[in-house]
Amino acid sequence: HRIPTAPFVVASKGEDLREVRLNFPLMVKPLYEGSSKGIFDSSVVRTPQQLTNEALRVIETYGQPALIEEFLPGREFTVGLLGNGKNLRVLPIVESKFDDFPPEANPINSFEAKWVWDTIERPLNVLECPARIPLTLQTEIEKMCRKVFSVLRCRDWCRIDLRLDAKGVPNVLEVNPIPGVLPNPAEHSFFPTAAAAVGLSYARMINEVLNAASARSNCYTAD
């Protein structure tokens with residue numbers, strides 16, 4: 001479908017690493033997890049030995065293959081979508097900000113970034129919504145996300161994570177068909193942040209998801 005993604009391989013065992021023909025630095029993460037489970041600051045690897053260490057950690061700790069991708073060095077965004085068909089709505093683009101991270105940290109949404117460094121007690125400036133980007137890039141990202149939503153036959157809502165490559169081209173990192181929706185704004189949950197940017201309260205946002213599902217199923221609507 002000509003949707004850009006980072007070059008990748010999937011390694012189920014140590015022997016598979018011999019076949020990796022990707023350019024360093026690389027990103028190593030569990031194939032099946034979410035919410036940054038198994039993704040640490042060390043997941044960005046720059047040498048074959050680091051690659052081996054991280055891939056085996058994933059395989060042995062989580063009992064699943066390691067997804068190994070070429071690291072995309074550009075800005076990172078996430079996009080919430082709400083609705084179906086002609087009523088599909090793209091919420092304002094959220095940018096992940098890494099400026100408040102420890103100076104030695106990699107600019108990624110790692111487990112440390114989400115659950116250790118950025119806390120309710122000591123919040124960091126980690127999200128900007130709407131993202132400050134040129135209209136051309138905004139249009140490109142929105143068009144790409146609509147296409148991904150359609151191609152993967154998502155329904156009612158989802159959240160799509162993207163990152164720019166070295167040439168500034170947005171690449172899809174992952175699709176979250178059931179995105180996280182933490183209700184406390186201080187917890188920096190992506191989808192509620194995007195919804196709030198267009199004036200949707202938390203309750204209204206949840207009801208809009210229900211309304212989309214109800215309309216698709218020809219059922220009642222939620223107020």
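Residues numbered from 1 in each chain as written. Predicted model: local features only at pLDDT ≥ 70, side-chain atom pairs only at ≥ 80, totals over all residues. Heavy atoms only, no water.

### Quick look at the packing of aromatic side chains
Our working rule: A pair of aromatic rings is counted whenever rings of Phe, Tyr or Trp (Trp by its six-membered ring) have centres within 6.5 Å, and the orientation is called stacked for planes under 30 degrees apart, edge-to-face for over 60 and tilted otherwise. In DSSP terms, a helix is any run of H or I states spanning at least four residues, a strand is any run of E spanning at least two, and both are numbered starting from the N terminus. For the exposure calls, accessible area comes from a 1.4 Å probe over protein chains only, and a residue counts as buried if that area is under 20% of its type's maximum, exposed if over 50%, partly exposed in between.
Counted according to the given criterion, the structure contains four aromatic pairs. Geometrically, the ring pair formed by Phe40 and Phe111 is tilted, given 5.7 Å between the ring centres and 55° between the ring planes. Linking Phe40 in the loop between β2 (26–30) and β3 (44–45) with Phe111 in helix α2 (residues 111–117), this pair joins segments that are 71 residues apart in sequence. Owing to a relative accessible area of 23%, Phe40 belongs among the partly exposed residues under this scheme. By relative accessible area, Phe111 is classed as partly exposed at 32%. With centroids separated by 5.2 Å and ring planes inclined at 85°, the aromatic side chains of Trp157 and Phe191 adopt a geometry described as edge-to-face. Of the two residues, Trp157 sits in strand β9 (residues 157–164) while Phe191 sits in helix α4 (residues 190–196), which places them 34 residues apart along the sequence. Among the residues examined, Trp157 registers a relative accessible area of 14% and is labelled buried.

### What about the nonpolar core?
This is how it is decided: Here, nonpolar core means buried Ala, Val, Leu, Ile, Met, Phe, Trp, Tyr and Cys residues that are tied together by side-chain atoms lying within 4.5 Å of each other. Contact between two residues is taken to exist if any of their heavy atoms lie within 4.5 Å; hydrogens are not considered.
Core analysis: the largest hydrophobic core is formed by 20 residues, its most contacted members being Phe77, Val79, Leu81, Ile141, Ile160 and Leu162. Listed by contribution, the elements that provide at least two residues to this core are β5 (76–82), α3 (135–151) and β9. Per-element accounting of this core gives the leading share, six residues, to α3. When near neighbours in sequence (up to four residues on either side) are disregarded, Phe77 contacts Ile93, Val94, Glu95, Ala131, Ile133, Leu137, Ile141, Ile160, Asp161, Leu162 and Leu164. Leu82, Phe101, Trp157 and Leu200 belong to the second-largest nonpolar core, a separate cluster that totals 18 residues.

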